[in-house]
Each structure stands twice: as C-alpha cells, then as structure tokens.
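# Structural characterization, general
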Amino acid sequence: DLVAPAEGVPTRDLVTPCDMSRVPLPANSVDVGVFCLSLMGTNLADFIREAHRVLKANGTIWIAEVQSRFFDDTEKQKTRPSQKGKGASQHQQTNDKQLQEFLLALKGLGFQCVHKDFSNKMFFVLQLVKNGKKPSKKMKYTAKPCIYKRR
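Rules used throughout
- Residues numbered from 1 in each chain as written.
- Predicted model: local features only at pLDDT ≥ 70, side-chain atom pairs only at ≥ 80, totals over all residues.
- Heavy atoms only, no water.
- Helix = DSSP H or I, 4+ residues; strand = E, 2+ residues; numbered from the N terminus.
- Buried < 20%, exposed > 50% of the residue type's maximum accessible area, 1.4 Å probe, protein only.
- Contact = heavy atoms within 4.5 Å.
- Pairing = 2+ DSSP bridges.
- Axes fitted to C-alpha atoms, helices over the stretch in contact; angles between N-to-C directions.
- pLDDT = per-residue confidence, 0-100.
- Salt bridge = Lys/Arg side-chain N within 4 Å of Asp/Glu carboxyl O.
- Core = buried A, V, L, I, M, F, W, Y, C linked by side-chain atoms within 4.5 Å.

## Things to note about the overall build of the chain
Summing up its helical and strand segments, the chain has three helices and six strands in all. Secondary structure of the chain in N-to-C order comes out as β-β-β-α-β-α-α-β-β. A buried classification covers 38% of the 151 residues belonging to the chain. Partitioning the intrachain contacts of the chain with sequence separation of at least 6 by distance along the chain shows that 68% fall at a separation of at least 24.

## Notes on the sheet that holds strand S3 (residues 30–36)
The strand order across the open sheet formed by four strands is S3-S4-S6-S5, and the pairing between neighbours is mixed. Of all strands in the sheet, those with a lone pairing partner are S3 and strand S5 (111–117), marking the two edges. Geometrically, the sheet is characterised by an average inter-axis angle of 20° between neighbouring strands, direction not taken into account.

## Topic: the confidence of the model for the chain
When pLDDT is averaged along the chain, the result is 77; 72% of the residues meet or exceed 70. The lowest-confidence element of the chain is helix H2 (residues 73–79), averaging 47 in pLDDT; the highest-confidence one is S5, averaging 95.

## Some points on the pattern of salt bridges
On inspection of all chains with the given rule, the structure shows three salt bridges. The closest approach of N and O atoms between Lys56 and Asp31, which form a salt bridge, is 3.3 Å. In this pair, Lys56 is assigned in strand S4 (residues 55–66) and Asp31 in strand S3, connecting sequence segments 25 residues apart. In this structure, Arg49 and Asp46 form a salt bridge, with 2.7 Å as the shortest nitrogen-oxygen distance. Taken together, the residues Arg49 and Asp46, both in helix H1 (residues 44–54) and three residues apart, mark about one turn of the helix. For Asp46, a relative accessible area of 30% translates into the label partly exposed.

## Remarks on the nonpolar core
One finds Phe35, Ile48, Ile61, Ile63, Phe102 and Leu126 to be the most contacted residues of the largest nonpolar core, which totals 31 residues. When contributions to this core are tallied by element, the ones reaching two or more residues are S3, H1, S4, helix H3 (97–108), S5 and strand S6 (123–130). Beyond its immediate stretch of four places on either side in the chain, Ile48 contacts Phe35, Leu39, Ile61, Ile63, Leu106, Leu109 and Phe111.

Here it is, written out as structure tokens:
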C-alpha cells in the first residue's frame, strides 16, 4: 500500500510538490483520492479531471471543503437545520443552488456523489465515485473565494 501525498506547497519531505492538475502518478493507479481544503485554485475542474485520470475504475474521491465557498449563507439558513454533531443527518439534502451547481460540475467531470455530510457548521464532506463517463474537457468551475472572519 502506497500513500502519495501531493500539494502545491509541501509542508513535509514526504509530500510531492506539484500542480494538482498534473500529479506525477500513472493513470488508473490510485484507489482513493482526498481533497481536503485543497480546491483553492481557479482551475478546480482541472484538479478533478486529474483525479479522474489517476483513479482506478471504481476509484473514490473524498472532498472536505469550507461551506462558505459552496453555499449561499441565506440558502443555508433556510434549507438545512442548524443542528451540529451527531444530531445532524449524514445524508441531508439541500436545495442550495451553488452546491447543486458544484455537484452537476462533478458529474460532468466523471463523478457521482454517493455521500454528503453537512454535520459540521463550517465544513462539508462529499464522497464521490467514478461514474463511468469521461470527464468533459470543456467543463469549468470555480468556487467562491474563502471568507475568513476575524474572531
């Protein structure tokens, strides 16, 4: 079993510095990919296309991101309960337009969402599997910039 961490600005010697749209791994060589607070570039669709390239046929990607980049704050308040932790549903549905656009983009990039977790008030997690379709080369997607609040 091999773990091959890669990021734009490595923080450890074990991390391969690279552009996430051109990871130095062979095609169809990875079982699981993880994007944890790493979809910050303006070429986000290129990152997802590259994940599709390196993942095996039944490969999975996990995405953990800041909610403020993919949700409209007013929609979030209206469509999702404000529950935290164990009380929140692991498979909550939302009508949030920005999240639906992101999921549609992921579908066009060759992935199907199989799990959504909105139980944390600041972050969300998606689990996706390859949907058997080639990712669109024309698809573009950029999330909102990350908003940090001073406390």
